[in-house]
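Residue-level structure breakdown
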Amino acid sequence: MDNLIPVLVAVPLLGAALLLCGGRRLDRVGHWLGTLLAFASFGVGLALFFSMLGRSTADRPVHVTLYTWIPVNGFQADVGFQLDQLSMTFVLLITGVGSLIHLYSVGYMAHDQKRRRFFGYLNLFLAAMLLLVLADNYLLLYVGWEGVGLASYLLIGFWQHKPSAATAAKKAFLVNRVGDVGLSIAVMLMFTTFGTFAFTPVFAHASQATQATLTGIGLMLLLAACGKSAQVPLQSWLGDAMEGPTPVSALIHAATMVTAGVYLITRSSAIFNLAPTAQLATVVVGAVTLLFGAIVGCAKDDIKKALAGSTMSQIGYMVLAAGLGPIGYVFAIMHLVTHGFFKAGLFLGAGSVMHGMNDEVDMRKYGGLRKYMPLTFVTFGLGYLAIIGFPGLSGFFSKDKIIEAAFGHGGTEGWILGTCTLVGAAVTAFYMTRVMLMTFFGEKRWVPDADGHDPHPHESPAVMGAPMVILAFGSVFLGGLFSINSSFVHWLSPVTGYQEGHSPLSTTTVTVCTTVVLLLGVGVAWMMYGRRPVPAVPPLGSLLTRAARRDLLQDDFNHVVLVSGGSHLTRFLVYLEGKGLDGLVNGIAALIGGTSGRVRKVQNGYVRSYALSMFGGALVLAATTLLMRAV
Amino acid sequence: MTGMTLAAAIPPIPAPHIEYLQLSPMLAVFGAALVGVLAEAFVPRRHRYTAQIGIALAGLAASFGLILYLAVDGYATNKADLAAMGAVAVDGPSLFLQGVITLVAVVAVLQFAERRLEPRSSTGASVDAFAPEAAAVPGSDAERRAATSGHATTEVYPLTMFAVGGMLLFPAASDLLTMFVALEVFSLPLYLICALARRRRLLSQEAAVKYFLLGAFSSAFFLFGLALVYGYAGSVQLSRIADVVEGRATITPALAQTTGNDVLLLIGLAMLGVGLLFKVGAVPFHMWTPDVYQGAPTPVTGFMASATKVAAFGAMLRLLYVAFPGLSWDWRPVLWGVAILTMVAGAIIAVTQTDVKRLLAYSSVAHAGFILTGVIALDRSGLGAVMFYLAAYSFVTLGAFAVVTLVRDADGEATHLSRWAGLGRRSPLLAAVFALFLLAFAGIPLTSGFTGKFAVFQAASGSGGTALVIVGVLSSAVAAFFYIRVIVLMFFSDPRADGPTVAVPSPLTGAAIGLGAVVTVVLGVAPEYFLHLANQASLFVR
């Protein structure tokens with residue numbers, strides 16, 4: 001049974017190879033082949049899951065070493081897989097949601113000429129993401145980490161004929177490089193400290209390393225997580241990444257890849273638990289990002305960018321929870337899974353809306369769509385209720401637990417973090433209600449597209465509807481399922497560890513507070529967008545609104561500090577190199593050349609001078625030999 | 001009656017005992033040389049070329065076979081001994097270096113026999129790189145007649161065989177007189193064939209005269225040193241000299257006046273050193289190399305540059321390791337100086353060279369310096385490293401000069417570097433092979449040059465020569481500049497419109513280049529077996 005673990009990765013990898021190398025022959029069946037292989041992988045994942053459920057807790061983690069990748073003396077890297085409850089959770093999320101989105105894409109990409117390649121990239125992504133979560137050492141994890149980065153780059157820029165898409169892909173790639181450097185430094189630090197990359201020995205010996213080393217590794221891992229999970233300060237790429245096809249946004253930039261940072265932190269819990277400074281940095285990053293993303297989400301008129309801000313904010317919750325240590329890991333992952341469902345559902349809903357609206361993304365040009373797209377309205381609505389944490393739905397359980405854990409951190413920090421998460425919850429309720437109202441309620445504000453066609457909103461085909469329905473089910477019930485008898489906590493805690501927080505507020509108080517701020521957010525949104533007509537042209541807005549529309553000036557900041565700062569530094573270094581280093585190098589070269597030119601004149605072609613030089617040489621030789629004896 | 005008293009008065013001369021089997025590799029080559037001379041006299045002109053090549057290759061093949069037989073039979077290790085009354089040592093280093101020299105000679109003979117590069121004579125006979133009639137004055141009617149009638153100087157083959165025989169004897173000679181004889185035996189034919197270039201005959205003859213004059217000068221030093229050392233030790237036998245130097249031997253009463261006079265010894269050692277350093281082309285005795293390498297016919301240059309170096313370093317190793325290890329405190333510092341000077345000067349002067357053959361000449365000077373660092377180590381690892389280096393270097397050199405013969409224009413070989421611009425665009429294969437040889441010269445990993453350099457530097461640093469190694473590495477860096485400059489010139493410059501053409505060689509030159517490339521790669525990628533072989537062979541018999 002355990003031998004099936006490599007098959008999980010191999011199946012979508014085979015799909016990617018077939019689809020990308022197969023050529024035109026596969027054009028007609030390629031999309032179904034890709035979808036079939038994704039479902040096959042999901043099937044294998046399910047089989048492994050039930051096999052794992054059948055074992056006692058202690059026997060659940062399984063290791064499979066495929067072969068030794070780099071066998072150098074003292075440097076041993078294996079291609080080995082580790083399937084425990086944490087990776088199992090991810091396997092099911094990735095293959096499950098991934099398969100649904102493959103299915104959805106069959107409809108969404110039906111008319112795209114490069115459909116076969118699209119499915120090839122999707123399969124490649126699945127393989128890389130599975131490798132990332134199944135690796136039993138950091139080096140192999142790094143391979144998967146780069147693999148998902150590559151797939152993300154290829155898919156964001158899938159419509160590379162649009163300059164905006166090509167630029168967005170490049171931006172995502174570059175920003176991610178910064179994070180990747182963090183991961184590579186962390187891996188190198190681990191190797192120099194522990195002499196290995198494998199999870200088990202690294203975590204076992206973590207307590208023997210110095211505090212400074214652990215903090216360094218932790219901060220570098222956090223940097224990596226920031227890059228991949230679009231956390232402040234490496235958040236700027238996620239909004240632009242919405243240039244990719246909507247299924248990509250749903251799968252990679254909402255449900256799975258962007259949560260890899262949370263996986264990395266949770267997986268490295270043994271290191272973070274011993275490095276309080278790194279943990280503090282993690283919660284700060286999480287708290288800042290959850291507010292940052294939420295504020296950006298409030299101001300966006302582009303439905304996908306509003307959802308992207310929301311993704312950033314929700315992952316902020318997870319990172320914050322993961323930074324809280326053992327009281328938060330389980331809830332970070334639980335929120336990650338529920339978020340995977342409802343955010344994927346929301347994106348697929350958004351895609352369905354766009355599908356019916358001539359690919360229009362501006363919510364100011366929607367309005368009143370609930371009558372025309374009832375299925376999309378219902379599934380999107382359920383996802384909406386789940387994300388704002390409506391009592392009884394998935395998001396309610398998972399987010400509530402994070403808020404409670406934040407308060408449970410204790411002390412002033414606990415109060416600050418708790419307040420941040422509550423404020424975040426209110427803002428979430430506000431911006432998601434705004435999206436809901438602007439899209440499905442109010443008057444029609446439709447306008448003809450560039451070619452003069454009036455939009456004829458219609459429900460999407462069944463192949464797109466079915467995944468939305470399934471995801472909606474997950475959005476509604478998953479959180480409750482996880483919370484019955486704390487089943488998710490029992491499932492995951494053997495891997496991540498778990499302890500109760502010491503919240504100054506009781507669970508009931510937290511729930512009441514959450515519900516109050518939720519209603520507050522919904523109410524304000526209703527006042528602003530439900531009762532009043534939505535203007536087709538966005539009003540000027542306050543200073544904050546204008547800043548939020550520009551993603552809170554993230555690109556301006558990057559431009560001023562990084563781009564122009566970097567170019568000035570480069571210019572300075574070029575100057576220094578030109579005057580200093582080059583001068584030295586060229587000076588030596590000139591010296592050698594000059595010497596050569598002068599010395600070669602001794603070679604004048606006269607045999608008599610040659611003989612003289614030999615004679616002189618012989619004299620010197622004899623004299624020095626004698627001299628050596630004398631001294 | 002009187003006859004009987006005389007016979008009684010003069011003690012009978014004991015017949016020397018000659019071990020023919022152990023000497024057979026040299027005898028085979030000398031035999032081939034003598035048969036070649038006879039063939040020159042008796043075989044009709046039109047068959048001489050084929051006959052001479054056959055004789056030469058047969059002699060070399062027999063010699064190589066005998067060397068292999070001796071080595072396998074244990075003469076390189078446990079049966080190693082002095083032969084011919086102590087005049088010739090048949091031991092590991094002798095057999096290893098003799099093997100290298102015969103292989104190099106085979107490749108050289110193949111190149112000498114190349115007849116497709118020069119345009120055919122007016123009678124339609126294909127001709128080689130040698131003058132049609134060596135005795136004819138350049139530019140005279142006699143020469144023109146010889147050229148038009150398609151004559152060829154087939155004497156080069158017996159001459160080469162004599163040179164090879166001398167080279168085989170040189171590293172094996174275990175007394176100073178044999179060593180001197182061997183030196184002259186291989187030098188004189190070389191002087192002659194240097195003068196035999198078909199093109200640029202005046203330059204070739206000038207080179208030969210220079211080589212001869214300076215060679216004679218250096219031989220005189222060697223002979224003078226020999227006499228002084230004899231005066232000190234009362235013997236020319238290397239092991240006997242070592243005994244006297246180290247105070248183990250009883251002193252011959254007749255020579256008691258001079259024996260043990262250290263001034264004689266030291267000056268004698270220096271003079272012997274001059275003779276050998278001249279042959280390997282070490283600074284300041286290197287000045288003949290660029291002129292001679294440039295003037296000699298290119299196949300001969302390749303042969304000289306590789307085989308002479310092997311033989312001369314072999315003799316130097318035997319002299320220093322067998323006769324004078326007791327004087328290492330005296331000669332090592334001096335050789336340090338020579339090695340440093342040789343590496344630095346060779347590398348630096350090469351930087352501004354504009355002629356491929358002169359460039360390779362200075363490169364060979366620098367390489368002599370690198371090899372000297374291994375000689376100075378004065379231990380078994382140094383000996384093995386130097387022998388490996390010599391084997392690796394000679395095949396790279398042969399291959400590189402063989403490539404030079406192929407790049408031609410109307411005036412023969414186009415050796416000016418500017419003419420090589422863009423060669424990589426027009427003849428990528430040839431340029432790539434030449435680039436391989438240059439990288440090997442530069443000592444880039446995965447080529448034999450790297451392995452050899454690594455081995456000698458390791459040996460040098462292992463015996464306290466770290467400073468020497470540092471100078472060596474710095475010189476290598478300078479040297480890498482001019483090697484890689486040629487590669488850049490070949491591959492990254494635009495080809496000239498009037499640039500040279502690359503002649504399509506016969507399989508003979510092709511085999512020489514191919515063998516050079518294969519050995520270069522094999523000794524770079526999988527050198528273990530050959531390093532092991534060289535190390536196993538690295539023990540002198542005394």
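Report on the accompanying structure. (Residues numbered from 1 in each chain as written. Chains lettered and ligands numbered in written order. Predicted model: local features only at pLDDT ≥ 70, side-chain atom pairs only at ≥ 80, totals over all residues. Heavy atoms only, no water.)

**Description of helix α4 (residues 92-112) of chain B**
Heads up, the rule is: Secondary structure elements follow DSSP: runs of H or I no shorter than four residues count as helices, runs of E no shorter than two count as strands, and numbering proceeds from the N terminus. A helix is expected to span 1.5 Å multiplied by its residue count minus one. Buried means the residue's accessible area, taken with a 1.4 Å probe over protein chains only, is under 20% of the maximum for its type, while exposed means over 50%, and partly exposed covers the values in between.
The terminal C-alpha atoms of α4(B) lie 30 Å apart, and with 21 residues this matches the ideal 30 Å at 1.5 Å per residue to within 8%. Extensive coverage of α4(B) is indicated by the burial of 19 of its 21 residues.

**Digging into the packing of aromatic side chains**
Residues and elements named next belong to chain B. Rules: Here a pair means two rings of Phe, Tyr or Trp (six-membered ring of Trp) with centres within 6.5 Å. Their orientation is stacked below 30 degrees between planes, edge-to-face above 60, and tilted elsewhere.
Counted under the stated rule, the structure contains 41 aromatic pairs over all chains. An angle of 85° between the planes, with centres 5.4 Å apart, marks the rings of Phe-112 and Phe-130 as edge-to-face. Placement of the pair is Phe-112 in helix α4 and Phe-130 in the loop between α4 and α5 (141-148), with a sequence separation of 18 residues. Here Phe-112 and Phe-130 have matching classes, each one buried. Through a chain of ring-to-ring contacts, the aromatic side chains of Tyr-191, Tyr-211, Phe-212, Phe-278, Trp-288, Tyr-293 and Phe-401 assemble into a single cluster.

**What to know about the pattern of salt bridges**
Our working rule: Counted as salt bridges are all cases of a side-chain nitrogen of Lys or Arg within 4 Å of a carboxyl oxygen of Asp or Glu.
All chains considered together, the criterion is met by 29 salt bridges over all chains. Among the salt bridges present, the one from Arg629(A) reaches Asp262(B), with a minimum N-O distance of 2.6 Å. On the criterion of chain membership, the pair formed by Arg629(A) in helix α24 (residues 607-630) and Asp262(B) in helix α10 (residues 262-280) is interchain, its members lying in two chains. For Glu40(B), the salt bridge is made with Arg48(B), and the minimal N-O distance between the two is 3.4 Å. Of the residues examined, Glu40(B) reaches a relative accessible area of 14% and is grouped as buried. Connected through shared salt-bridge partners, Glu206(B), Lys210(B), Asp291(B) and Arg358(B) make up one network.

**Let's talk about the interface of chain A and chain B**
As a reminder of what qualifies: Whether two residues touch is decided by their heavy atoms; if any such pair falls within 4.5 Å, the residues are in contact. Here's the idea: put two parts together, see how much 1.4 Å probe accessible area each one loses, and the total over both is what we call buried area. The term polar contact refers here to a pair of N or O atoms within 3.5 Å; inside protein, the definition further demands a hydrogen-donor-capable atom paired with an acceptor-capable atom, and it admits residues adjacent in sequence only when both atoms are side-chain atoms.
Every contact between the two is made by 25 residues of chain A and, on the other side, 37 residues of chain B. Counting the surface lost from both chain A and chain B, the interface buries some 2700 Å², and carbon and sulfur atoms represent 75% of this. Scanning the region where chain A abuts chain B turns up twelve residue pairs in polar contact (both at pLDDT 80 or more). Only α23 (554-599) and α24 of chain A provide two or more residues apiece to the side of chain A that touches chain B. Take the side of chain A that touches chain B: its biggest share by element is 15 residues, from α24(A).

**Thoughts on α23(A)**
This is how it is decided: The seven residues ending at a residue and the seven starting there each receive a fitted axis; the angle between those axes is the bend at that residue.
If you check α23(A), its first and last C-alpha atoms are 62 Å apart, about what 46 residues at 1.5 Å a residue would give, namely 68 Å. When the local axis directions of α23(A) are compared, the greatest deviation, roughly 40°, occurs at Asp582(A). On its buried face, α23(A) sits against α13 (276-299) of chain A together with α13 (328-351) and α19 (466-492) of chain B.

**Quick look at the packing of helix α3 (residues 85-108) of chain A against helix α20 (residues 487-496) of chain A**
Residue and element names in this part refer to chain A. Test applied: Inter-axis angles, ranging from 0 to 180 degrees, are taken between N-to-C directions of lines fitted to C-alpha atoms, where helices are fitted over the stretch in contact. By definition in this entry, angles of less than 35 degrees are roughly parallel, angles greater than 145 are roughly antiparallel, angles of 65 to 115 are roughly perpendicular, and the rest are oblique. As a working rule, the residues Ala, Val, Leu, Ile, Met, Phe, Trp, Tyr, Cys and Pro are called nonpolar, Asp, Glu, Lys and Arg charged, and the rest polar, with Gly in that last group.
As a packed pair, α3 and α20 sit with axes 7 Å apart at the nearest point and diverge in direction by 125°. Overall, the two elements α3 and α20 adopt an arrangement that is oblique. On the side of α3, the interface is formed by Gln-85, Leu-86, Met-88 and Thr-89, while α20 contributes Phe-488, Trp-491, Leu-492, Pro-494 and Val-495. Tallied by class, the residues present in the contact of α3 with α20 amount to seven nonpolar, two polar and no charged.

**Observations regarding the sheet that holds strand β3 (residues 407-409) of chain B**
Hydrogen bonds along the backbone pair up the strands of a sheet, which may run parallel or antiparallel. Residues and elements named next belong to chain B. The condition that has to hold: The rule for pairing is simple: two strands pair if DSSP sees at least two bridges between them.
Ordered in space as β4-β3-β5, the three strands form an open sheet in which the pairing is antiparallel. The two strands at the open ends of the sheet, each matched to only one other strand, are β4 (412-413) and β5 (501-502). Here β3 runs beside β4; their pairing, made up of two bridges, is antiparallel. What sits directly across from Arg-408, in β4, is Glu-413.

**Re the environment of Tyr211(B)**
All names here are of chain B. Looking at where Tyr-211 falls in the secondary structure, it is placed in helix α8 (residues 201-233). Since its relative accessible area comes to 0%, Tyr-211 is described here as buried. Tyr-211 has contacts with Leu-190, Tyr-191, Cys-194, Phe-278, Lys-279, Trp-288, Val-292 and Met-304, leaving out every residue within four places of it along the chain.

Take it as geometry only, folks, not as evidence of what the structure does.
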